[in-house]
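Close look at the chain arrangement
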Amino acid sequence: MTAKRHLNEPLSALALEQTRRQFFRRGAGLSVAPMALASLLDQDGRVFGEEAESVMQTHHRPRAKSVIFLHMIGGPSQIDLFDPKPEVIRRDGDTLPESLQKKLTFAQIQEKQPRLMGSPWKFSQHGECGATVSELMPHIASIVDDVSFVRTVKTDDTNHMFAELMLNTGWRRFGRPSIGSWVVYGLRSESQQLPAFMVLRSGMRPRSKSANYGNGFLPSKYQGTPLRSSGDPILNLASPPGFTEARQRQSVDAINALNRIRYEQTKDDEIAARIVSYELAFRMQSAATEWLDLKSETPGTFKQYGIDDAARPSFARNCLLARRLVERGVRFVQLFHGDWDHHSAIKAGLPSQCGLTDQASAALVRDLAQRGLLDDTLVVWGGELGRGAVAQVSDKPNVAVGRDHQIEAFTMWFAGGGARGGQTIGKTNDFGCLPETEPWHVYDLQATILHLLGLDHTKLTYRYQGRDFRLTDVHGNVKHELFA
Amino acid sequence: MFRLTRIYLSLAIWGACWAALRADDGNTPTASAKVDYRKHIAPLLSKHCFRCHGEKSQEGGLRLDVRQRALTGGDSGLAIQPGNSKQSAMIARVASNDPEVRMPPEGARLLPAEVELLKRWIDQGAKGIPDGRPSSSNHWAFQSIKTPAIPDVADSNWCSNAIDRFVLAKLENEGIKPSPSASPRTLVRRLYLDLIGLPPTWRQIESFMNDESADAYERLVDKLLASAHYGERWGRHWLDLARHADSGGYEADMPRETWAYRDYVINAFNSDMPFDRFVVEQLGGDLLPIPTMAQRIATGFHCNAMYDPGVRFESVIYQVNTTGTVFLGLTVGCAQCHTHKTDPITQREFYGLYGFFNNAIMMPMDLATGKPAIPPTEKTKVQPPSSLIMKYTAHPTHIFLRGDPAQPGEQVAPGFPAELDWQPAKSWWGELDGSPSRSVKNRLDLARWIVSDKNPLTDRVTVNRIWQRFFGLGLVSTEDDFGVQTPPPSHPELLDWLAREFRRKHLSFKSLHRLIVTSSTYRQVSVTRSDLSDIDPGNRFLARQRRLRLEGEIVRDVWMYTGDLLSEKMGGPSVFPWQPESVLENRATPAKWIESKGENRYRRGLYTWFWRLTPHPHFPLLDGPDAVTACTRRGRSNVPVQALTLLNDPTFMECARKLATLVVAMPSATDRQRLDFLYHRCLGRDPISWEIAVLKKVISDQRRRLATSPKQAEAISDGHESPAEHAVWVIICRAIMNTDEFITRE
């Protein structure tokens, strides 16, 4: 088998094919009577699962092993957080120059001459690098030497639903695999106990819902496993009453043995996937219970993340859980937190969202660094779009001013995983609404994330309906400036 | 000698050409025959060129998918010189041996045969490239449906009906043999699960096995089509399209009463209501001259749209988009913001469709009086049953600039897209000439337009979706999108023949189902064939059946039915079976879940109350629809959290426990006989020796262990009088019910 073929094939299918061959060599057909009933039932019965998980192939030397993607749903206002514009403050209340207005795509503003609104929050420089951060993000301000800010991210759609899909699947409509699915399709998991791609949510759900972490046309085992955002994060982790671990083990082994018999009769890969699924489910029962049990964390850690009540779901708790996931070899963890869509009342809404997320986001980076995990873990923070420099004024009474969407330039940040700390990449114009340096299209961002993981975005393909698809379609450039 | 070499060479080229074409559709133009753009060239360009020279990207300024652009060439001049392939840069580039020059720069190069085809196409004048927007002149789905000739086949013995001739003709062309028929036991289980969504009992299987009459299979099909459960099974498929739910969605997610609509759908399928009547009633039942109660309830179809008073326009957009997806197989929603070159509908026309639904409101109707339901007051705490229906109310419709309702543009009247221009059906509901002279078109006109036999889309889309339910994939694989950017049907003639046959049989679903399930194509075994794994991994040629995991509701129904718990009661208000308490936490508006009592705890899954924001966890877990947009195809995911639920969830444990009670109640039976009973009941077959060996080992181990662990036995058995033995069988039942086969239609 050529290397090229190797890369173009779903790796797990390959692994299953190898397993299947071994299975037949060993068994030479189940009709050979008591061949190895023991092997069907005991350790051998688990081989199916393990081998499938162990294949890993990169296109070049990876800098990161895992990703924690903090998706801030709704579009945080970068002009109030990370991209200060003194000129806008100076000209507060003036109309936006008409030449610029023509180049912008508003989502909601209908005024002919929208007026500039300077940020009411103070900015100052931090760290050795002197990065400028707003007073709303004091904790992120304290980690700037580990952070790369990119101020010129751009996307294609002003609609949240489609901008979310664009960011997470590289396509403005439903049906494509998410970036997490692509990553685990390319790299599989390092964990034998937990799903390779896990999703945690707090606050508002993303508007495109599960499509943001769906497998699209990739095999279903690559989809993100979402945790429930209320109540128990995973239902049915405990075996039913009376089922000891040994009894559950024997039950799952029996189920998998029966499934293997059926697999041999039908050769249906769905059965192979189900065997992997049941094996992983069994392992998750103890692994996920252990992972979700925060008792082993110190009060100092809770304080660092700002977790008051470890039993209550929150963004902060999800950050801590995310760290625990990458510690356990989970490849791609995506946190969704909303809502940052401050069309109105931004003066109340934005500090409130920052209050819910600033401390924990910074704590996550610092905690990873303290544990020696930051070098291997890429943390990405950002929304599917940004917000503009002009005020969005409602015609309804008693509705305070906000900001409309901006897709031409907004800020995201990166930490760890090979991203160089202490730098600010890209420059926007005096009104923060257009890039003055080479923009980072969302495709570039995706290409760069894959690159850090050792994957070439032009080579990570999957053949579907007669065509080789990739996350970045026909676009995307790796932005070497992030890590060079 | 030289001559001979040339002959060999050209033979080799044509061999390759034949192979290349075979992969597309098997139509080989002979050397002198005309090359057809749509059939031969478009797939080739799409495969090799459009990614960089198509709609989305025009490398070097060259765009090849639109006539005018393709013929004007790119930055480096003309690419195509019609009539002169030698002068056409396109040919020089694709045929070049220089990797710096050759197109495409990456990926597989064109086969010599493909180059040859391109040359001939250019020499013949490079005809057929579509100009701009798709229309009946350039896209198959917009062309009228013809009645294709039923092809001849060599092995006519294999064919049960015309479907098989279309399928076999293609297989024979490919040199592939169809698969043999599945075993009778498998077929019975397949039919039961497909047609009524419940497995057959062992007695039902045996009675079929013992029926030696020639038409035993056909009579079984008719029996199942006549079962009341048929309406539940196929009604649920329709409810997926209808986005049916018991609450309004959005953050508020207020409850609403729509079960009468759900029952209307079940009844419509059970009474085999013709599809055109079904459509007319659902789109415009309230506008019929003297609408019956049922016809008004039918308009609940579009009241299923998510609704929030603050964003009414979004509901209307959902209604337009659903209409496009369900009836036309078109993603009209893209035109909400602006006109797209590849869509057959302009932005203005989108708002023409919008106008039909904008001229309506949703309101609850009292099911007893047929009058508007009165909201409950302090005095009338118990509200009489009601159902959401549509009512005509005029609202002006404006184009929303960039799709934004805050930017109203020009006013438009309800109307149909110009590219989808056909004669609406005549009405049969009492209007004199079938072309009512309303000044403003209404939803009845829309319905007549949709059910017209001149409409090339709706019948194709409908039969394709039905086909997909039986084979896992439609003849058109993008069942929700028949637009230009989608792959052509695998069997275009069969699709059209089915659409015509559906018409000919008065749009009867039962006739269409009967036709499909009595075909030899449907009856093939579902075993994966190694000889096809490279040439046809997706089973597009239909040389076998496919194993399909059952839908979420059906998985649950099969567990409960096998576990002797399922209530077969039909219809009525939605029910509240057990669910974990945490499901309803963290809602913006609180929701109630007062657990149902008695048999309502064990009703079929489609009767479970559906909160859009917080549905019962079993359904989303097993790929149930979210009821936001029309669901034309469910996923079949296969993830560990599903295994956790089927292994550990109290509902499923309860089924295993009850089934074990039946096992231990068998008087003086051996373990082997008990295992036989379980295999018969769960899987409709005898166990094989390996399965018996696996399970007997578990039985003996667990008997030994549970004998000394009475507390564990009691916990597993939960109240049975002989807990140790019962617990052993609970473990066995749970294992068999967790096999892939148990939740799969083989």
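Residues numbered from 1 in each chain as written. Chains lettered and ligands numbered in written order. Predicted model: local features only at pLDDT ≥ 70, side-chain atom pairs only at ≥ 80, totals over all residues.

A closer look at the overall build of chain B
Across its full length, chain B carries 30 helices and six strands. Over its C-alpha trace chain B gives a radius of gyration of 29 Å, about what one expects of a compact globule, namely 27 Å for 746 residues. When each of the 746 residues of chain B is scored for burial, the buried share is 49%. Looking at chain B alone, contacts between residues at least 24 apart form 67% of all its contacts between residues at least 6 apart. (Helix = DSSP H or I, 4+ residues; strand = E, 2+ residues; numbered from the N terminus. Rg over C-alpha atoms; globule rule 2.2 N^0.38 Å. Buried ≥ 20, exposed ≤ 12 C-beta atoms within 10 Å, placed from the backbone. Contact = placed C-beta atoms within 7 Å.)

Brief notes about the nonpolar core
Proteins that are soluble and globular tend to have nonpolar side chains buried together. Core analysis: the largest hydrophobic core is formed by 301 residues, its most contacted members being Cys319, Val379 and Val380 of chain A together with Ile732 and Cys733 of chain B. A per-element tally of this core places helix H12 (residues 269–292) of chain A first, with twelve residues. If near-sequence neighbours (up to four positions away) are discounted, cysteine 319 of chain A is found in contact with Tyr305, Leu335, Ala360, Ser361, Ala363 and Leu364 of chain A. (Core = buried A, V, L, I, M, F, W, Y, C linked by C-beta atoms within 7 Å.)

What about unusual backbone geometry?
Geometrically, the link from glycine 338 of chain A to aspartate 339 of chain A is a cis peptide bond, its omega value of 20° lying close to zero. A cis amide bond, omega -10°, links methionine 103 of chain B with the succeeding residue proline 104 of chain B. One can find proline 104 of chain B in the loop between helix H5 (89–95) and helix H6 (112–123). In this structure, asparagine 539 of chain B takes a positive phi of about 55° despite not being glycine. Within the secondary structure, asparagine 539 of chain B is located in the loop between helix H22 (520–523) and strand E5 (548–549). Note on asparagine 539 of chain B: 18 C-beta atoms within 10 Å, which makes it partly exposed. We note that aspartate 623 of chain B has phi near 70°; this positive angle belongs to a residue other than glycine. Along the chain, aspartate 623 of chain B turns up in the loop between helix H24 (618–621) and helix H25 (640–648).

Here we look at the confidence of the model for chain B
All names here are of chain B. Residue-level pLDDT values for chain B average 88, and 91% of them are 70 or greater. Contacts from residues 1–28, a stretch scored under 50 in pLDDT, to residues over four places away or in other chains number 23 contacts. Per the prediction output, this complex has pTM 0.78; the corresponding ipTM is 0.82. (pLDDT = per-residue confidence, 0-100.)

Some points on the interface of chain A and chain B
With 52 residues of chain A at the interface, the matching set in chain B holds 57 residues. Counting only elements with at least two residues in the side of chain A that touches chain B, the list comes to helix H3 (37–41), helix H11 (245–266) and H12 of chain A. Ranked by residues supplied to the side of chain A that touches chain B, first place goes to H11 of chain A with ten residues.

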